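Below, each chain spelled out in residue letters.
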Amino acid sequence: MLHALRERKAVEDRAAADQLDLAARWADLHPPESIHTAAVFADGGCYGLEHEEPIAGEGCPAVAEFCIAELGTVLGISSTSAKRLIGHALELRHRLPRLWAQVQAGQVPAWRARTVAEATIHSTPSLTMEAARWVDTQVAAVAGRVGPAQLDRLVAETIKRHRLDAHDPTKDPEDGWQDVDPRHATLHAEDVHYAGTMRFEAELDIADALDLDRALTHGAETLAALGSVAPLDSRRSQALGDLARTQTALDLHAQGSSATRSEDGLPVAREVVLHAHFDASLDGLDTVFGPTGRMEEGQRLVLLDQVRDWCGDSRTKVTIKPVINLSTELTAPGYDIPDRIREQVILRDRTCVFPWCTRPARGCDIDHVVPFDHDAAAKVRPQPGPTVSSNLAPECRWHHRLKTHTAWRYEVTGPGVYEWTSPHGHRYRRDHTGTTRISGAADEADPPDRP
């Protein structure tokens, strides 16, 4: 059994290395020169034509932007993930050649090499070709022999050492440290615990860190004195949130804001809009909500008790929206989409309806599936793409441009159900449950002509 597991792992590593190679070759087939056959609108329309999309570091070839979507849907991943795959492949092949060779030789797993590529692509400030090659030389020797955490630290330290070594010694020594400033405050919005918490990570100046620690200690002690029985770490976490809300309220107070004032005389804090949805039923004259609901922001679970706590804060502004019947066909006479129809489409589809895309619908464009004919009324002909619920769908700006300027096509086959066809003939169904591959392209089929 151990022998079989080792064999399967070798097959998996080989397939991942091949996938990187194929992704790089797919990019080779779609250089910027192919843009002119990918979109033909000379003025760019309202969303712009396809453009060169640098997805890896200096020295890597540019890639025609819309080739990413076809690759992503075939692999069953989002366009963002496909872009990252192609970027990693090009970064490794062109700027980290030693690491690339080790991946292709089976000496370093592809996922390890991709973590290095991710770091060198998004390093701030960006790495030159010379700097990337230097990192490659230092890291490739041990990439296959250390653990993930150690590899991450090694890459970060190698980048930092190169910048310090390259620093001009005639300048102020402090300037060298400014180039590798490690300070940051990062909210990990996708790292959501089932209990409805998020991780906030920061690296501060020593003085700032000590001041913040004292403030959190004082806040935790205050909460305990007011009767809180929560653990110390929980009270410190709550104190950090209280600090943020108090500061924003004080900021507005100092600016003489005319915002609605709370019971303590301070204005409400800056507005942060959250959209929570709960199942409800009637018990006599009372409305009874379920214990758990869904938060649109991040598509995450939210507890009713949490919402009660938020609403109990004296500076919380609560807005109750009317119930919208998602099965009702709403219509508007012109091209513009009224708020009531937009809200219904957002609640019905929840996210961008392109295969495997998870961008929240509230931040998307609302697209006419069958295009609206602006000349229909003047020429006294039927409107092929009316502004009605069944002919509207949310699409993030990137996929809206993709649908407008390439051979990607889709149609509505039911309420909130869409069937997409790619330029190479692959078909996908997207509904509220996710994406399903309907069929692949015939092996000998030619891609359709572009519009």
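Refer to the structure presented above.
Report follows, based on the coordinates. (Residues numbered from 1 in each chain as written. Predicted model: local features only at pLDDT ≥ 70, side-chain atom pairs only at ≥ 80, totals over all residues. Heavy atoms only, no water.)

Notes on the nonpolar core
With 39 residues, the main nonpolar core has Leu20, Ile86, Leu90, Leu92 and Leu99 as its most contacted residues. Of all the secondary-structure elements, those providing two or more residues to this core are α1 (2–28), α3 (67–75), α4 (79–95), α5 (97–104), α6 (110–121), α7 (129–140) and α8 (148–165). When sequence neighbours within four positions are dropped, the list of residues in contact with Leu90 reads Ala24, Ala27, Ile55, Ala56, Cys60, Pro61, Val63 and Arg95. Of all hydrophobic cores here, the second largest spans 16 residues; its members include Cys357, Ala393, Tyr418 and Trp420. (Core = buried A, V, L, I, M, F, W, Y, C linked by side-chain atoms within 4.5 Å. Buried < 20%, exposed > 50% of the residue type's maximum accessible area, 1.4 Å probe, protein only. Helix = DSSP H or I, 4+ residues; strand = E, 2+ residues; numbered from the N terminus. Contact = heavy atoms within 4.5 Å.)

Some thoughts on the pairing of strand β16 (residues 427–431)
Of the two faces of β16, only the one carrying Tyr428 and Arg430 is buried; Arg427, Arg429 and Asp431 on the other face are not. Bridge count between strand β15 (residues 417–421) and β16: 4 bridges; the pairing is antiparallel. For Trp420, the partnering residue across the bridge sits in β16 and is Tyr428. Hairpin connection between β15 and β16: a loop of 5 residues separates the two successive antiparallel strands, and Gly425 in this loop has a positive phi of roughly 90 degrees. Note: β16 against strand β17 (residues 434–439), 5 bridges, orientation antiparallel. Paired with Arg427 across the strands is Ser439, a residue of β17. Linkage of β16 to β17, two consecutive antiparallel strands, is achieved through a turn of 2 residues. (Pairing = 2+ DSSP bridges.)

Structural notes on the packing of α1 against α4
At a closest axis distance of 8 Å, the pairing of α1 and α4 adopts a crossing angle of 95 degrees. Classified by the angle between their axes, α1 and α4 sit roughly perpendicular to one another. On α4, the residues touching Gln19, Leu20, Ala23, Ala24, Arg25, Trp26, Ala27 and Asp28 of α1 are Leu85, Ile86, Ala89, Leu90, Leu92 and Arg93. Grouping the constituent residues of the contact of α1 with α4 by class yields 10 nonpolar, 1 polar and 3 charged. (Axes fitted to C-alpha atoms, helices over the stretch in contact; angles between N-to-C directions. Parallel < 35°, antiparallel > 145°, perpendicular 65-115°, else oblique. Nonpolar A, V, L, I, M, F, W, Y, C, P; charged D, E, K, R; others polar.)

So, unusual backbone geometry
A positive phi angle, close to 65 degrees, is found at Trp356, a residue other than glycine. Of note, Trp356 is situated in the loop between α13 (339–349) and β11 (365–368). If you check the backbone angles, Val380 has positive phi at about 50 degrees while not being a glycine. Residue position: Val380 is located in the loop between β11 and β12 (387–388). Residue Val380 is classed as exposed on the basis of its relative accessible area, which comes to 75%.

Some words on the side chain of Arg112
By secondary structure assignment, the location of Arg112 is in helix α6. Here Ala143 takes part through its backbone oxygen, which lies 3.3 Å from a polar atom of the side chain of Arg112. The contacts of Arg112, once residues within four sequence positions are left out, are Ala143, Val146, Gly147 and Leu151. (Polar contact = N/O pair within 3.5 Å; in protein donor to acceptor, adjacent residues only side chain to side chain.)

Things to note about the packing of aromatic side chains
For the coordinates displayed, the defined rule picks out 8 aromatic pairs. Ring geometry for Phe354 and Trp420: centres 4.9 Å apart, planes at 70 degrees, overall edge-to-face. Of this pair, Phe354 sits in the loop between α13 and β11 while Trp420 sits in strand β15, and the two are 66 residues apart along the sequence. For the ring pair Trp356 and Tyr428, a centre distance of 5.6 Å and an interplane angle of 75 degrees mean the geometry is edge-to-face. Linking Trp356 in the loop between α13 and β11 with Tyr428 in strand β16, this pair joins segments that are 72 residues apart in sequence. Residue Trp356 is classed as partly exposed on the basis of its relative accessible area of 23%. Under the relative-accessibility criterion, Tyr428 is labelled buried at 0%. Taken together through their ring pairs, the aromatic side chains of Phe354, Trp408, Tyr410, Tyr418 and Trp420 make up a single cluster. (Phe/Tyr/Trp six-rings, centres within 6.5 Å; stacked < 30°, edge-to-face > 60°.)

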